[in-house]
Amino acid sequence: MNVYHSRLHHLHHPAFEVFDGGVRVPYYETPSRAETVREALAGDARFDILPPEDLGILPILAIHDPGYIEFLQTSYARWQDVPTDYPKEALLPATFALRRDAPRPRSLLGAAGYHLMDLSVPITSGSWQAVYGSAQCALNAAQHTLATRQNTFALCRPPGHHAGGDYGGGYCFLNNAALAAQALTPLGQIALLDVDYHAGNGTQDIFYARADVFTQSIHADPNEEYPYYCGYEHETGIEAGAGYHQNYPLPPYTTDEDYLNTLAHALRRIREVQPAALVISLGVDTLGGDALGTFRISRAALAQVGAQLATLNLPTVIVLEGGYKTADLGDNVLAFLDSFA
Ligand code: OKP
Ligand code: ZN
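Scope of this entry: the structure provided in the associated data block. Counting restarts for each chain: residues are numbered from 1 in the order of the written sequence. Each chain is given a letter, starting from A, and each ligand a number, starting from 1, according to the order in which they appear as written. Local features are withheld for residues below a pLDDT of 70 in this predicted model, meaning they are given only at 70 or higher, and side-chain atom pairs are given and counted only at 80 or more; totals for whole chains, interfaces and linings count all residues. The basis for the side-chain values is all heavy atoms of the structure; hydrogens and waters are excluded.

## Describing the environment of Ile238
Here is step 1: Looking at where Ile238 falls in the secondary structure, it is placed in the loop between β7 (213-220) and β8 (245-250).
Here is step 2: On the accessibility criterion, Ile238 (39% relative accessible area) is partly exposed.
Here is step 3: Residues Ile238 and Ala211, 27 residues apart in the sequence, show an inter-C-alpha distance of 9.4 Å.
Here is step 4: In this view, Ile238 contacts Tyr208 and Ala209; residues no more than four positions away in its chain are not counted. The numbering of helices and of strands both runs from the N terminus, where a helix is a DSSP run of H or I of at least 4 residues and a strand a run of E of at least 2. Only protein chains enter the area calculation, which uses a 1.4 Å probe; residues under 20% of their type maximum are buried, those over 50% are exposed, and those in between are partly exposed. Throughout, a residue-residue contact means that at least one pair of heavy atoms, one from each residue, lies within 4.5 Å.

In structure tokens, the structure reads:
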């Protein structure tokens, strides 16, 4: 199984993020996350770890707004020139756009609050390069699956499923899974399933009015959990996409049996749309003991999730999202990938 990993991810390593109550904590989405997974796969002969080739910006612009891309590319340099004595190692706004009715302001901090949704996406000197490398991993995985019908794994960092067409949030800047799904559309109908603990709001937004990519997300109830404003059961798509999105919110502390029963519903829906290919947003922050999740999914159940999805027997691109118990990340990802490799 081809695995795409870019060393550029090391260039995104903000020192901090801000939690609720204004608590400044060390950044949870660390470079060691990706390295732990890479090391686990490198020790298994079934995986070929490859650097992505540069497929350029055009496939990214098929999903993302040019103004947002330009913001990601230029905002750190612009931040250095803002005449204030604020710390300049990271651009992080403290005011956010409310329901996006207003145009993007000229001010850099105003634009940052327009394009970012929370305090987990500091933009540092190497952030754009890392984000671009992560997107290229997803695009390379999709290109290989498109050409060969073989399963691939995009070892993406930063993750992507919270990023929408013109915004970032939740450690995500570009939506890697959406890029992969878009790149697979020449095959026909695409199904995308997000199993990260957090609702895939960005993916939901991107495909909300489209039928050609059927999206589903199983996650912690947004009444209780980040991202709060998206991921409810009644959100099922609009216009051409009406009926082509499904959310499965689950209560805090969900365990294996309830989770696997929910997965069975999602699998049934995938079979109904008869897709030509599958994209999986793989977050392993559903497992017990995760630093950012409350679910108590076991590694054995995660392996079952992978095994069940593999029975669809579809060309599949698996894209890494969250998972914050770094010591277990490699083994958890391996457990999921086992049936696909
Ligand atoms: C990213 B992914 C907790 C704050 C949580 C953002 C979480 C992003 C999760 N106090 N901040 O879906 O794994
Ligand atoms: Zn998550």
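## A word on the coordination of the zinc ion (ligand 2)
Here is step 1: The donor set covers N, O and S atoms within 2.8 Å of the metal, switching to 3.2 Å for Na, K and Ca, and it leaves out water, so a site may look short of donors. The zinc ion (ligand 2) binds to the protein through Asp196 (OD), Asp196 (OD), His198 (ND1) and Asp285 (OD); the donor distances cover 1.9 to 2.8 Å.
Here is step 2: Considering all six donor atoms around the zinc ion (ligand 2), angles at the metal cover 52 to 157° and the coordination shape is irregular.
Here is step 3: The sequence pattern describing where the donors of the zinc ion (ligand 2) fall on their chain is D-x1-H-x86-D. Pair noted here: His198 is in the loop between β6 (190-194) and α7 (201-207) and Asp285 is in the loop between β9 (277-282) and α9 (299-310), with a separation of 87 residues, a long-range link. Square planar and octahedral assignments, for four and six donors respectively, both demand that opposite donors be over 155 degrees apart and that all other angles lie between 65 and 115; tetrahedral needs four donors with all angles between 85 and 135 degrees, and anything else is irregular.

## Quick notes on unusual backbone geometry
Here is step 1: Here the amide bond leading from Arg157 into Pro158 is cis, since omega sits at -5°, within 30 degrees of zero.
Here is step 2: Tracing the chain through its elements places Pro158 in the loop between β5 (152-154) and α6 (176-184).
Here is step 3: Across the junction of Tyr226 and Pro227, the peptide omega takes the value 10°, indicating a cis bond.
Here is step 4: Structurally, Pro227 can be placed in the loop between β7 and β8.
Here is step 5: A positive phi angle, near 45°, is found at Gln274, a position not held by glycine.
Here is step 6: Note on Gln274: relative accessible area 67%, which makes it exposed.
Here is step 7: Of note, Asn313 is a non-glycine position whose phi angle comes to about 60°, a positive value.

## A closer look at helix α3 (residues 66-80)
Every α-helical turn comprises 3.6 residues, leaving residues that sit three or four positions apart pointing alike.
Here is step 1: The end-to-end C-alpha distance of α3 is 22 Å, a good match for the 21 Å that 15 residues give at a rise of 1.5 Å each.
Here is step 2: Within α3, the full set of buried residues consists of Tyr68, Ile69, Phe71, Leu72, Ser75 and Trp79.
Here is step 3: Residues of α3 that are buried sit in contact with α2 (58-61), α4 (108-115) and α5 (127-148).
Here is step 4: In protein, a polar contact means a hydrogen-donor-capable atom and an acceptor-capable atom, both N or O and within 3.5 Å, with residues adjacent in sequence counting only if both atoms are side-chain atoms; elsewhere, any N or O pair within 3.5 Å suffices. For α3, the capping residue at the N-terminal end is Asp65, with a side-chain oxygen 3.2 Å from the backbone nitrogen of Gly67. By this rule the span expected of a helix is its residue count minus one, scaled by 1.5 Å.

## As for the site of ligand 1
Here is step 1: If even one non-hydrogen atom of a residue comes within 4 Å of a molecule or strand, that residue is called near it. With respect to spatial proximity, the complete set of residues near ligand 1 consists of Phe19, Asp20, His161, His162, Gly170, Tyr171, Asp196, His198, Tyr226, Asp285, Gly322 and Tyr324.
Here is step 2: Contact distances for ligand 1 include 2.9 Å between an oxygen atom and a side-chain N or O atom of Asp285.
Here is step 3: Tyr324 is positioned such that a nitrogen or oxygen atom in its side chain is 2.5 Å from an oxygen atom of ligand 1.
Here is step 4: Each accessible area is a Shrake-Rupley result for a 1.4 Å probe, and residues are judged covered by the shown protein chains and nothing else. Relative to its free-state accessible area of 410 Å², ligand 1 is covered by the protein chains to the extent of 86%.
Here is step 5: If you map ligand 1 onto the pockets, it falls in the largest pocket.
Here is step 6: When grouped by side-chain class, the residues that make up the shell around ligand 1 number four nonpolar, five polar and three charged. Think of a 1 Å grid over just the protein atoms. A cavity is a set of points where a 1.4 Å probe fits yet cannot get out, a pocket is an open set with protein on both sides within 12 Å along at least five of seven lines, and lining residues have an atom within 4 Å of a point. Think of it this way: a molecule belongs to a cavity or pocket when more than half its atoms come within 2 Å of the grid points there. Under this grouping Gly is polar, as are all residues other than the nonpolar Ala, Val, Leu, Ile, Met, Phe, Trp, Tyr, Cys and Pro and the charged Asp, Glu, Lys and Arg.

## Quick look at the side chain of Arg157
Here is step 1: Within the secondary structure, Arg157 sits in the loop between β5 and α6.
Here is step 2: On the basis of relative accessible area, Arg157 is assigned to the buried category, the value being 3%.
Here is step 3: Side-chain polar atoms of Arg157 contact the backbone oxygen of His12, separated by 2.7 Å.
Here is step 4: Look past the residues within four positions of Arg157 in its chain and what remains in contact with it is His9, His10, His12, Glu29, Thr30, Pro31, Ala34, Ala130 and Ser134.

## Here's the deal with the layout of surface pockets
Here is step 1: Grid points are joined across faces, edges and corners, and a volume is the space filled by probe spheres set on the points. Here the largest pocket defines a volume of roughly 1,100 Å³.
Here is step 2: Together, 38 residues line the largest pocket, and Met117, Asp118, Tyr226, Pro227 and Tyr228 are the ones closest to its centre.
Here is step 3: Looking at the lining of the largest pocket, the elements with two or more residues in it are β2 (16-18), α4 and α7.
Here is step 4: Across the lining of the largest pocket, the residue classes break down as 20 nonpolar, eight polar and ten charged.
Here is step 5: Of the volumes computed, that of the second largest pocket is approximately 420 Å³.
Here is step 6: Of all the secondary-structure elements, those providing two or more residues to the lining of the second largest pocket are β2 and α4.
Here is step 7: Sorting elements by how many residues they give to the lining of the second largest pocket places α4 first, with four residues.
Here is step 8: Class assignment for the residues of the lining of the second largest pocket results in 15 nonpolar, three polar and two charged.

## Details of the sheet that holds β7
Here is step 1: The sheet built from eight strands is open, its strands ordered β4-β1-β5-β10-β9-β6-β7-β8 with parallel pairing. The two strands at the open ends of the sheet, each matched to only one other strand, are β4 (48-50) and β8. Mean inter-strand twist for the sheet, computed between neighbouring axes without regard to direction, equals 15°.
Here is step 2: As paired elements, β6 and β7 share five bridges and run parallel to each other. Counterpart to Leu193 in the pairing with β7 is Gln216.
Here is step 3: Sitting on the sheet, α5 touches β1 (2-4), β5 and β10 (316-320), and the angle it makes with β5 is about 170°.
Here is step 4: Across the sheet, helix α8 (residues 256-273) touches β6, β7, β8 and β9, and the angle it forms with β7 is around 175°. When DSSP locates at least two bridges between a pair of strands, those strands are taken to pair. Structural elements are reduced to axes, namely lines fitted to C-alpha atoms, with helices fitted over the stretch in contact, and the angle between N-to-C directions of any two is expressed from 0 to 180 degrees.

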